[in-house]
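A look at the structure
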Amino acid sequence: MKTIETILKRLARLAAFLAVATIVGLMLLTVVTVVFRAVGIAFPGTYSLSELLLIPAISFSLAYAAWEGEHTRVTLLVERFKSRRVRDWLHGAMTGLGLLFWAGIAWAAIRETLRRQAQNELSPILNVPVAPFRWLMVSAFVLLCAILAFQAVRLFLGRDAGAGSSETGAPR
């Protein structure tokens, strides 16, 4: 269990780095576009490039947020239970439901990526292949599912959920 936690922790940190790097890239692209437009120079395709950069920025941010326990979780009902074991079990069940949701999203993303890759999908104006960006999204969703599965198992076993857990043992 400790080995899995270490691997997921490193992958979550890598996901955070990739998300931040693409957000910085988006910021630089926006600044350069605004400055050059102010002097009358327009770069075609910056909108398409921004769309492509948003894919890893958002998807890897989701995986990192899940690792840190910063994702949204309804605690109004769960925190009313006095028993830590009941609270952990309920948090584990909710995490498991979230896992099912994101596994469905990941499965749909894999199918759509394979379909679009077979069609040689290209971005408008720039004609950049979109498949690598779609595969980045799929890998982030798979990482998110692995993190949620790990956290659910830990909660069901009565251990804290990992990095983003509070003193009650339940993720924030």
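Relevant structure appears above.
Presented here is an overview of the structure given in this document. Keep in mind that this is a model prediction, so the values were computed, not measured. (Residues numbered from 1 in each chain as written. Predicted model: local features only at pLDDT ≥ 70, side-chain atom pairs only at ≥ 80, totals over all residues. Heavy atoms only, no water.)

A few words now on the side chain of S123. With respect to the helices and strands, the residue S123 is situated in the loop between α3 (84-118) and α4 (131-156). Excluding residues within four positions of it along the chain, S123 makes contact with L52, V128 and V130. (Helix = DSSP H or I, 4+ residues; strand = E, 2+ residues; numbered from the N terminus. Contact = heavy atoms within 4.5 Å.)

This part is about the pattern of salt bridges. In total, this model carries seven salt bridges according to the counting rule given. Salt-bridge contacts for R154 lead to E5; the nearest nitrogen and oxygen are separated by 3.3 Å. With a gap of 149 residues between them, R154 in helix α4 and E5 in helix α1 (residues 2-38) connect regions that are remote in the sequence. As far as the burial class goes, R154 and E5 line up, both buried. The residue E121 makes a salt bridge to R116 at a minimum N-O spacing of 3.5 Å. (Salt bridge = Lys/Arg side-chain N within 4 Å of Asp/Glu carboxyl O. Buried < 20%, exposed > 50% of the residue type's maximum accessible area, 1.4 Å probe, protein only.)

A word on the nonpolar core. L8, A63, W67, L143 and I147 are the most contacted members of the largest nonpolar core, which totals 14 residues. Breaking this core down by element, the ones donating at least two residues are α1, α2 (46-68) and α4. Among the elements that line this core, the one with the most residues is α4, at six residues. In contact with L143, not counting residues within four places along its chain, are L8, L11, A12, A15 and A63. (Core = buried A, V, L, I, M, F, W, Y, C linked by side-chain atoms within 4.5 Å.)

Turning next to the environment of A12. For A12, the position within the fold is in helix α1. On the basis of relative accessibility, which here comes to 0%, the residue A12 falls in the buried class. Spatially, the C-alpha atoms of A12 and L144 are 8.7 Å apart, while their sequence positions differ by 132 residues. Not counting residues up to four positions away in its chain, the partners in contact with A12 are Y64, W67, L143 and I147.

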